[in-house]
Amino acid sequence: MTKKICVLPGDGIGPEITAQAVRVLEALGVGLEMETALLGGAAVDACGDPYPETTRKLAEEADAVLLGAVGGPKWDALPREQRPERGLLGIRKHLGLFANLRPVALYPELVNASTLKAEVVAGLDILIVRELTGDIYFGQPRGIENRNGERFAFNTMHYTEMEIRRIGRVAFEAARRRNGKLCSVDKMNVLETTQLWRDVMNEIAPEYPDVALSHMLVDNAAMQLVRAPRQFDVIVTGNMFGDILSDEASMLTGSIGMLPSASLDENGKGLYEPSHGSAPDIAGQGVANPLATILSAAMMLRYTFDLEEAARKVEGAVGKVLAKGFRTGDIFEPGMIKAGTAQMGDAVLEALE
Ligand code: NAD
């Protein structure tokens, strides 16, 4: 059966980097059909809507979505409703993407790109699973009001059992595919919401006897991530803690152009995109690093299409390219081979053979 991918290049470097990921997916010969549509600023320019109906339809029909990035200074002055970021939030909401997966792996060749000591980060390979649609970011009531003559601001943190259970299952399944270790991060000593989080994680643990579950308070987790990050395999946490910890963890590698991500719905359909933005400062120059997008395509093969072997093949090819010394500007070190976006794509294709 043909698998259909909706490709959304977006803005800035988006078209340049997605083009390379598409080449890689096509070269695998695993029966993937791809169709491109507009999202973000490019869609605003074409029809005044950052998430147009034609894109909605294609995204809905497809089995997976490959996204470059959206946004740029050109659209910053537009009303909020027409901003490119609205397109991104729109598609995430429309597709019901509640699970965000951010792997943070350090290729041995890039160990010097990290601001941490090589002996702390060498061999680092963790996966952060963040709940994406609940928590204090979406909780009602919320607002800023005038009470008793002064301004008063409030937000509401909440999770239902169902929301915790479904993200927990994604994390246990991911740990099962990796090294069988799952650390759930909460603040149960202070917040009832996360007491329930911990209780539900413990309740589903017996369904996964092959996964070792542990718990950690979020303040300690933030510390452990820079003290001894290799102790982690998979981390699962709520929306707000996950927002902060995943950015902290991404910096352990020191190279934003290398970090992929996936956001999944309840049926394994996903949106796959690099963790970085549209990099308007280097757009159109053919110098952007396409590896985060290529690695996002590898995640798509693994998580939506269950093509583990193909996923590993792509990841292995990226490793070979780095071992051969190819580097884009963002990860360049003296003595290496300076490559542009397309050359990096060529090198990955060659390494796949
Ligand atoms: P950014 O990630 O686009 O860029 C930060 C820095 O990293 C820049 O110097 C850039 O050149 C560099 N960089 C990023 N990706 C790179 C790559 N693949 N290769 C080489 N260098 C790379 O973040 P920003 O500058 O804060 O944001 C720029 C625009 O992107 C804004 O409009 C922002 O809203 C948008 N944005 C979009 C997304 C998304 O689409 N998911 C995420 C973050 C930011």
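Whatever comes next refers back to the structure up there.
Residues numbered from 1 in each chain as written. Predicted model: local features only at pLDDT ≥ 70, side-chain atom pairs only at ≥ 80, totals over all residues. Heavy atoms only, no water.

Draft legend 1. Quick peek at the overall build of the protein. A tally of regular secondary structure across the protein gives 12 helices and 14 strands. A compact globule built from 353 residues would reach a C-alpha radius of gyration of about 20 Å, and the protein, at 20 Å, matches this within 12%. Expressed as lengths along the three principal axes of its C-alpha atoms, the size of the protein is roughly 60 × 50 × 45 Å. The proportion of buried residues among the 353 residues of the protein is 52%. At a minimum sequence separation of 6, the contacts of the protein that also span at least 24 residues come to 75%. (Helix = DSSP H or I, 4+ residues; strand = E, 2+ residues; numbered from the N terminus. Rg over C-alpha atoms; globule rule 2.2 N^0.38 Å. Buried < 20%, exposed > 50% of the residue type's maximum accessible area, 1.4 Å probe, protein only. Contact = heavy atoms within 4.5 Å.)

Draft legend 2. View of empty space enclosed by the protein. Applying the stated criterion across every chain, the model contains one cavity of 30 Å³ or more. Lining the largest cavity are Asp 135, Met 157, Tyr 159, Val 185, Asp 186, Thr 193, Thr 194, Trp 197, Thr 237, Gly 238 and Phe 241. When residues of the lining of the largest cavity are traced back to their parent elements, those giving at least two are β8 (181–186) and α7 (192–204). Considering each element in turn, the lining of the largest cavity owes the most residues, three residues, to α7. Residue composition of the lining of the largest cavity, grouped by class: five nonpolar, four polar and two charged. (1 Å grid on protein atoms, 1.4 Å probe; cavity = no way out; pocket = protein on both sides within 12 Å on 5 of 7 lines; lining within 4 Å. Points joined across faces, edges and corners; volume = space filled by probe spheres on them. Nonpolar A, V, L, I, M, F, W, Y, C, P; charged D, E, K, R; others polar.)

Draft legend 3. Main features of the pattern of salt bridges. Tallied over the full model, the rule gives 25 salt bridges. The partner of Arg 166 in a salt bridge is Glu 266, with the nearest N and O atoms 2.9 Å apart. Pair noted here: Arg 166 is in helix α6 (residues 161–177) and Glu 266 is in the loop between β11 (260–264) and β12 (270–274), with a separation of 100 residues, a long-range link. Because the salt bridges share partners, they merge into one network encompassing Lys 4, Glu 35, Lys 57 and Glu 61. (Salt bridge = Lys/Arg side-chain N within 4 Å of Asp/Glu carboxyl O.)

Draft legend 4. Here's a closer look at the environment of Pro 73. Assignment of secondary structure puts Pro 73 in the loop between β3 (64–69) and α4 (84–94). Measuring from C-alpha to C-alpha, the distance between Pro 73 and Ile 204 comes to 46 Å, with 131 residues separating the pair along the chain.

Draft legend 5. Focus on the layout of surface pockets. When its volume is computed, the largest pocket comes out at roughly 1,000 Å³. What lines the largest pocket is a set of 40 residues, among which Glu 85, Leu 88, Leu 89, Arg 92 and Leu 132 lie closest to the centre. In terms of residue count, the dominant contributor to the lining of the largest pocket is α4 (eight residues). Partitioning the lining of the largest pocket into residue classes produces 15 nonpolar, 14 polar and 11 charged. Of the domains in this structure, domain 1 (1–114 + 256–353) and domain 2 (118–253) are the two that each give at least three residues to the lining of the largest pocket. The space that makes up the second largest pocket amounts to roughly 490 Å³. The wall of the second largest pocket is formed by 20 residues, among which Pro 103, Asp 125, Arg 178, Arg 302 and Glu 315 lie closest to the centre. (Domains from an automatic or database assignment.)

Draft legend 6. Just helix α8 (residues 218–227), in detail. For α8, the full list of buried residues reads Val 218, Ala 221, Gln 224 and Leu 225. Buried residues along α8 cover an arc of 110° about the axis, so they all sit on one side. As for α8, its buried residues are in contact with β5 (125–131), β8, β9 (212–217), β10 (234–237) and α9 (239–250). (Arc of directions from axis to C-beta.)

Draft legend 7. Broad picture of the pairing of β8. When you tally the buried positions in β8, you get five out of six residues, the bulk of the element. Where β8 lies against β9, six bridges are found, and the strand directions are parallel. Directly across from Asp 186, in β9, lies its bridge partner Leu 217. As for the winding sense of the linkage, the β-α-β connection from β8 through α7 to β9 is right-handed. One ladder, built from three bridges, connects β8 with β10; its direction is parallel. Residue Leu 182 lies in a different strand from β10, and its bridge partner there is Val 234. (Pairing = 2+ DSSP bridges. Right-handed = clockwise from strand over helix to strand, strands pointing away.)

Draft legend 8. Summary view of the nonpolar core. Counting 84 residues, the largest nonpolar core has Leu 101, Val 129, Met 258, Tyr 272 and Leu 322 as the members making the most contacts within it. With nine residues, the single largest contributor to this core is helix α10 (residues 291–303). Taken together, domain 1 (1–114 + 256–353) and domain 2 (118–253) each give at least three residues to this core, which thus spans both. Excluding its chain neighbours within four sequence positions, the residues that come into contact with Leu 322 are Tyr 107, Glu 109, Leu 110, Met 258, Leu 291, Arg 327, Ile 331 and Met 344. (Core = buried A, V, L, I, M, F, W, Y, C linked by side-chain atoms within 4.5 Å.)

Draft legend 9. Focus on the site of the ligand. If you check the shell around the ligand, you find 20 residues, and the closest are Glu 85, Gly 277, Ala 279, Asp 281 and Asn 289. Here an oxygen atom of the ligand sits 3.0 Å away from a polar atom, N or O, in the main chain of Gly 72. Separating an oxygen atom of the ligand from a side-chain N or O atom of Asp 281 is a distance of 2.9 Å. About the coverage of the ligand: the protein hides 67% of its 810 Å² of free accessible area. Of the residues in the shell around the ligand, the class split is nine nonpolar, seven polar and four charged. (Near = heavy atom within 4 Å. Polar contact = N/O pair within 3.5 Å; in protein donor to acceptor, adjacent residues only side chain to side chain. Areas by Shrake-Rupley, 256 points an atom, 1.4 Å probe, with all protein chains shown as cover.)

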